[in-house]
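# Fold and contact review
Listed below, chain by chain, are the residues.
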Amino acid sequence: MYLQEIMEFAVSLSEAEFSGEVPVVAVIAIGKEIVSIAKNQVEFCKKPWYHAEFLAVSEACEKLQTKYLDTASIYVTLEPCAFCACLLEKVRIKNIFFGAYDTKCGAIEHGIRLFDHSRISPHIIGGIQDQRCSNIMKIFFERIRKNE
């Protein structure tokens, strides 16, 4: 079940200043109940696997005391990369809703298209608020280039 309000919440959080982090936000919910919220922390923690999806899944599994999120949905502002898509497969996520398409590193609708070859098949909707999410990314990378 897709809930516009949760995606709107995730996108609005991604518009906040992230101090050098790629502005990706992931929210995990079961129905209308938000279980976890995370943003990228790769630069802050100096850990290349600290993607928003990884942190949100980790928190959700810990809170729910489970290794599977087969009743949960993830709302993320950017198409998950191969690392995150594999993680979502491993936790058997029920739904994946994402904003901007990532033609370079995405692995849901681009690249390896993981779920085309997976034993699980979550419900996937991509391109939600694509223009807005893409603009957030564009502005972020323009600022990074300008400051280099």
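Preceding this paragraph is the structure being described.
In what follows, the accompanying structure is described. (Residues numbered from 1 in each chain as written. Predicted model: local features only at pLDDT ≥ 70, side-chain atom pairs only at ≥ 80, totals over all residues. Heavy atoms only, no water.)

Below, the discussion takes up a nonpolar patch on the surface. Together, Phe9, Ile34 and Ile37 give the surface a local cluster of nonpolar side chains, amounting to about 220 Å² of exposed area. Here phenylalanine 9 is to be found in helix α1 (residues 4-14). Phenylalanine 9 sits in the partly exposed class, given a relative accessible area of 31%. (Patch = residues over 30% accessible without salt bridge, like charges linked within 9 Å, V, L, I, M, F, W, Y side chains within 5 Å. Areas by Shrake-Rupley, 256 points an atom, 1.4 Å probe, with all protein chains shown as cover. Salt bridge = Lys/Arg side-chain N within 4 Å of Asp/Glu carboxyl O. Helix = DSSP H or I, 4+ residues; strand = E, 2+ residues; numbered from the N terminus. Buried < 20%, exposed > 50% of the residue type's maximum accessible area, 1.4 Å probe, protein only.)

This part is about the pattern of salt bridges. Note that side chains of opposite charge can pair when their charged atoms are close. Counted under the stated rule, the structure contains five salt bridges. Residue glutamate 8 is joined to arginine 132 by a salt bridge in which the shortest nitrogen-to-oxygen separation is 2.8 Å. Placement of the pair is glutamate 8 in helix α1 and arginine 132 in helix α5 (residues 130-147), with a sequence separation of 124 residues. The residue aspartate 116 makes a salt bridge to arginine 113 at a minimum N-O spacing of 2.7 Å. Owing to a relative accessible area of 49%, aspartate 116 belongs among the partly exposed residues under this scheme. Three or more residues joined by partner-sharing salt bridges are found here, namely Glu8, Glu15 and Arg132.

A few words now on the packing of aromatic side chains. What characterises a pair of aromatic rings is the spacing of the ring centres plus the angle enclosed by the ring planes. A full pass over the atoms with the stated rule returns eight aromatic pairs. Measuring from centroid to centroid gives 5.0 Å for tyrosine 75 and phenylalanine 97, while their planes differ by 40°, and the two rings are tilted. With tyrosine 75 in strand β3 (residues 73-78) and phenylalanine 97 in strand β4 (residues 95-100), this pair connects stretches of sequence that are 22 residues apart. Like tyrosine 75, the residue phenylalanine 97 is buried in the burial classification. Aromatic pair phenylalanine 98 and tyrosine 101: ring centres 5.4 Å apart, planes at 90°, arrangement edge-to-face. Cluster of aromatic residues (ring-pair linked, three or more members): Trp49, Tyr50, Phe54 and Phe83. (Phe/Tyr/Trp six-rings, centres within 6.5 Å; stacked < 30°, edge-to-face > 60°.)

All right, on to α5 then. With 18 residues, α5 should reach 26 Å at 1.5 Å per residue; the first-to-last C-alpha distance of 26 Å fits that figure. Check the buried side of α5 and you find it contacts α1, β3 and β4. (Expected span 1.5 Å × (residues − 1). Contact = heavy atoms within 4.5 Å.)

Glancing now at the packing of helix α3 (residues 52-64) against helix α4 (residues 82-90). At their nearest, the axes of α3 and α4 sit 9 Å apart, and the two run at 25° to each other. The pairing of α3 with α4 is recorded here as roughly parallel in orientation. Along this stretch, α3 crosses α4, giving a crossing that reads as left-handed. Where α3 abuts α4, its residues Glu53, Phe54 and Val57 lie against Phe83, Cys84, Leu87 and Leu88. Split by residue class, the contact of α3 with α4 holds six nonpolar, no polar and one charged. (Axes fitted to C-alpha atoms, helices over the stretch in contact; angles between N-to-C directions. Parallel < 35°, antiparallel > 145°, perpendicular 65-115°, else oblique. Left-handed = near helix turned anticlockwise from the far one by under 90°. Nonpolar A, V, L, I, M, F, W, Y, C, P; charged D, E, K, R; others polar.)

Another aspect to go through is the pairing of β3. In terms of burial, β3 is a largely internal element, six of the six residues being buried. Here strand β1 (residues 25-30) pairs with β3 via four bridges, running antiparallel. If you follow isoleucine 28 over to β3, its bridge partner there is isoleucine 74. Relative to β4, β3 runs parallel, the two being bridged by five bridges. Looking at β4, one finds that valine 76 is bridged to phenylalanine 98. (Pairing = 2+ DSSP bridges.)

The subject of this paragraph is the nonpolar core. Ranked by size, the top nonpolar core spans 45 residues in total, and within it Ile28, Val57, Leu69, Tyr75, Ile93, Ile96 and Phe115 carry the most contacts. Broken down by secondary-structure element, the contributors of at least two residues to this core are α1, β1, β2 (33-39), α3, β3, α4, β4 and α5. Considering every element that reaches this core, the biggest residue donor is α3, with six residues. Here valine 57 is in contact with Ile28, Leu69, Leu87, Leu88 and Val91, once residues within four sequence places are set aside. (Core = buried A, V, L, I, M, F, W, Y, C linked by side-chain atoms within 4.5 Å.)

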